[in-house]
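Residue-level structure breakdown
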Amino acid sequence: MMFREIVEAMKRGHTTPASIAREIGVDPERVRDAILIMVREGIIIEEGEGCEKSEKCFLCPLAGSCKEITMKSFRLKRGD
């Protein structure tokens, strides 16, 4: 199921719908829709606009340019 694949991709450090979609080979719109369902269910938390530098930035398709653009990122709820 795609929900499990999204969670596993997030555990590997992917935080944006675009990077998750690329990782699991699914259309980004389907990933965004699934993420919104998971946010409503309390599985994923929306981090908001932009992101913070972390050791996993190299996984982000926007690494190095995140200060110039606005994007939404997400994280798993603690304990997942």
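Residues numbered from 1 in each chain as written. Predicted model: local features only at pLDDT ≥ 70, side-chain atom pairs only at ≥ 80, totals over all residues. Heavy atoms only, no water.

Topic: the side chain of His 14
Put simply, the rule is: In this text, helices come from DSSP runs of H or I with a minimum length of four residues, and strands from runs of E with a minimum of two, each type numbered from the N-terminal end. Two N or O atoms count as a polar contact when they lie within 3.5 Å, although within protein this holds only if one can serve as hydrogen donor and the other as acceptor, and sequence-adjacent residues are included solely when both atoms are side-chain atoms.
With respect to the helices and strands, the residue His 14 is situated in the loop between helix H1 (2–11) and helix H2 (17–24). Here Ser 19 takes part through its side chain, which lies 3.5 Å from a polar atom of the side chain of His 14.

Details of the packing of H1 against H2
Put simply, the rule reads: Angular values range over 0 to 180 degrees, each being the angle between N-to-C directions of two axes fitted as lines to C-alpha atoms, with helices fitted over their stretch in contact. Roughly parallel covers angles under 35 degrees, roughly antiparallel covers those over 145, roughly perpendicular covers 65 to 115, and oblique covers all other angles. In a left-handed crossing the near helix is turned counterclockwise from the far helix by less than a right angle, and in a right-handed crossing that turn is clockwise. Whether two residues touch is decided by their heavy atoms; if any such pair falls within 4.5 Å, the residues are in contact. Basically, the charged four are Asp, Glu, Lys and Arg, the nonpolar ten are Ala, Val, Leu, Ile, Met, Phe, Trp, Tyr, Cys and Pro, and anything else, Gly included, counts as polar.
H2 packs onto H1 with a crossing angle of 110° between their chain directions and a minimal axis gap of 10 Å. It follows that H1 is roughly perpendicular to H2 by the angle criterion. Between H1 and H2 lies a crossing whose hand is right-handed. Between H1, through Met 2, Glu 5, Ile 6, Ala 9 and Met 10, and H2, the contact on the second element is made entirely by Ile 20, Glu 23 and Ile 24. Within the contact of H1 with H2, the residues separate by chemical class into 6 nonpolar, no polar and 2 charged.

Points about the nonpolar core
The line we're drawing: The criterion is simple. A nonpolar core is a set of buried Ala, Val, Leu, Ile, Met, Phe, Trp, Tyr and Cys residues joined through side-chain atoms within 4.5 Å. To sort residues, take the accessible area from a 1.4 Å probe on protein chains only and compare it with the maximum for the residue type: under 20% means buried, over 50% means exposed, and anything in between is partly exposed.
Ile 6, Ile 20, Ile 24, Val 31 and Ile 44 are the most contacted members of the largest nonpolar core, which totals 16 residues. When residues of this core are traced back to their parent elements, those giving at least two are H1, H2, helix H3 (28–40) and strand S2 (72–76). Examining the composition of this core, we find that 5 residues originate from one element, H1, more than from any other. Excluding residues within four positions of it along the chain, Ile 6 makes contact with Ile 20, Ile 24, Val 31, Ala 34, Ile 35, Met 38 and Ile 44.

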